[in-house]
Amino acid sequence: MADKRDYYEVLGVQKSASEDDIKKAYRKMAKQYHPDLNPGDKTAEAKFKEVNEAYEVLSDSDKRSRYDQFGHAGVDPNFGGGAGGGNPFQGGFDFTDIFDSFFGGGFGGSSRRANPNAPRQGSDAQANLAIDFEEAAKGCKKNVEYQQIEVCSDCHGTGAEAGTTPKTCPNCNGTGQVRVSQRTPFGVVQSTQSCDRCHGTGKLIEKPCHTCDGKGRVRRRKTIEVTVPAGIDDEQVLNVSGHGNTGANGGPSGDLHVYINVRPHPIYKRRGNDVWCEMPITFTQAALGADVEVPTLDGKVSYHVHEGTQPGDVFRLKGKGIQSLRSRARGDQYVQVTVEVPKNLNKRQKEILSELDNNTDDKNYQKRKTFFSKLRDLFGD
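The sections below set out a description of the structure shown in this document. None of the values given here were measured: they were computed from a predicted structure.

Pairing is mixed across the open sheet formed by 4 strands, whose spatial order is β10-β11-β15-β14. Two strands close off the open sheet at either side, each with one partner strand: β10 (269-271) and β14 (314-317). On average, each strand axis in the sheet is tilted by 35° relative to the strand beside it, whichever way the strands run. Strand direction decides the pairing type here: β10 and strand β11 (residues 274-282), joined by 3 bridges, are antiparallel. By the bridge assignment, Arg271 is partnered in β11 with Asp274.

See the structure below:
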């Protein structure tokens, strides 16, 4: 465990960071080091895995609490040796036992904890998925790879070597806790605490499974196909029910949270469900009007640019935007015109433009006319 960096250091946040601060730091770094955005970069790939591991712990309030108290030993399912080896953090140990041993059942009362072998739901898992602009707009099916904690296939979750079974702890009769009495100035105080012999599991494993070191669960890399809905946006989260970490003692699995990263598009920008783009046209097209082809998410469409179009004018293509996540409605596409002034003119071209300029006046240039009219009002002739 010594070679692992502090999770707060990995995400670049303080230990007092809020959930939002942690989420923002994670999204920023996950996008920075995502393998799809850094193809072939092994350093970025390693950083990406480290960032995901840190976020998996710090985004979960229970895991974060254990990490703050016990460091990596409190959250890594692969930490330590098999059952019976004297490691207080080994498989199935519930860290809340520590608090019960101090605060539970004081002054003659008792703190009855849940059965340590009862089914418990698994925690949620996280993954990142980078998709293209068009894939986000129209929806797609993608394979997602992530780390999942699952039941050990060799021991089937018992933690015991094949052919053997765990035994009920005789010290606590399988409850995972024992009652202790302590003499105080106020009299004899009874409380419950985690059983020292089975470390709160209620079971003793004489021959731990070599594959999972007696914990009954292992971490494996898994790939599943997910359906990305049309209209999903950058940094939104896609929830895949039941594909998170496997529950303990036959409990249900958690969910998989897939964080979406949408790659920038060379032409389009998204504003809500609308699509914006800039399209250059020639000086002549702007002055005389013209039929032009406009790229959209559905392919090219024809549009008539009206005579006298000005730089910065915007026209709308209704229904050519992005589908809403909540309905079949689509946004619009807005096209902002940029008029390109010609360069590298030859002599004849310059003569033509000079002739045009000599044959135009203020009525052909309304903005120019208004501007100089205001100047005269301010400073006189």
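Strand pairing in a sheet is mediated by backbone hydrogen bonds. Such pairs are either parallel or antiparallel. Pairing is mixed across the open sheet formed by 3 strands, whose spatial order is β1-β9-β8. The open sheet is flanked by β1 (125-131) and β8 (237-240), the only strands paired with a single partner. Ignoring strand direction, the axes of neighbouring strands in this sheet form an average angle of 25°. With 7 bridges connecting them, β1 and strand β9 (residues 256-262) associate as parallel partners. Across the sheet, residue Asn128 finds its bridge partner in β9, namely Tyr259. Its contacts with the sheet put helix α2 (residues 19-33) on β1, β8 and β9, and the angle it makes with β9 is roughly 60°.

Looking at chain direction, β11 and strand β15 (residues 333-340) are connected through 8 bridges and run parallel. Looking across to β15, one finds that Cys277 is bridged to Val335. Relative to β15, β14 runs antiparallel, the two being bridged by 4 bridges. Bridge pairing in β15 links Val314 to Gln336.

What follows covers the pattern of salt bridges. The full count for this structure, using the stated rule, is 21 salt bridges. Across the salt bridge formed by Glu45 and Lys42, the nearest N and O atoms sit 3.8 Å from each other. Of the two residues, Glu45 and Lys42 are both situated in helix α3 (residues 42-58); the distance of 3 residues between them amounts to about one turn of the helix. Salt bridges here are not isolated pairs; linked through shared partners, they connect Lys138, Asp298, Lys320 and Arg330.

Orientation of α2 relative to α3, taken along the N-to-C sense of each, is 160°, at an axis distance of 9 Å. It follows that α2 is roughly antiparallel to α3 by the angle criterion. As for the relative orientation of α2 and α3, their crossing is left-handed in sense. Where α2 approaches α3, its residues Ile22, Lys23, Tyr26, Met29, Ala30 and Tyr33 are matched on the opposing element by Ala44, Lys47, Phe48, Val51, Asn52, Tyr55 and Leu58. For the contact of α2 with α3, a count of residues per class yields 10 nonpolar, 1 polar and 2 charged.

Right, let's get into the side chain of Asp255. Take Asp255: it is sitting in the loop between β8 and β9. For Asp255, the side chain forms a polar contact with the main-chain nitrogen of Gly242, separated by 2.9 Å. Dropping the residues within four chain positions of it, Asp255 is found in contact with Ser123, Asp124, Ala125, Asn239, Val240, Ser241, Gly242, His243 and Gly244.

Definitions and cut-offs
- Residues numbered from 1 in each chain as written.
- Predicted model: local features only at pLDDT ≥ 70, side-chain atom pairs only at ≥ 80, totals over all residues.
- Heavy atoms only, no water.
- Pairing = 2+ DSSP bridges.
- Helix = DSSP H or I, 4+ residues; strand = E, 2+ residues; numbered from the N terminus.
- Axes fitted to C-alpha atoms, helices over the stretch in contact; angles between N-to-C directions.
- Contact = heavy atoms within 4.5 Å.
- Salt bridge = Lys/Arg side-chain N within 4 Å of Asp/Glu carboxyl O.
- Parallel < 35°, antiparallel > 145°, perpendicular 65-115°, else oblique.
- Left-handed = near helix turned anticlockwise from the far one by under 90°.
- Nonpolar A, V, L, I, M, F, W, Y, C, P; charged D, E, K, R; others polar.
- Polar contact = N/O pair within 3.5 Å; in protein donor to acceptor, adjacent residues only side chain to side chain.

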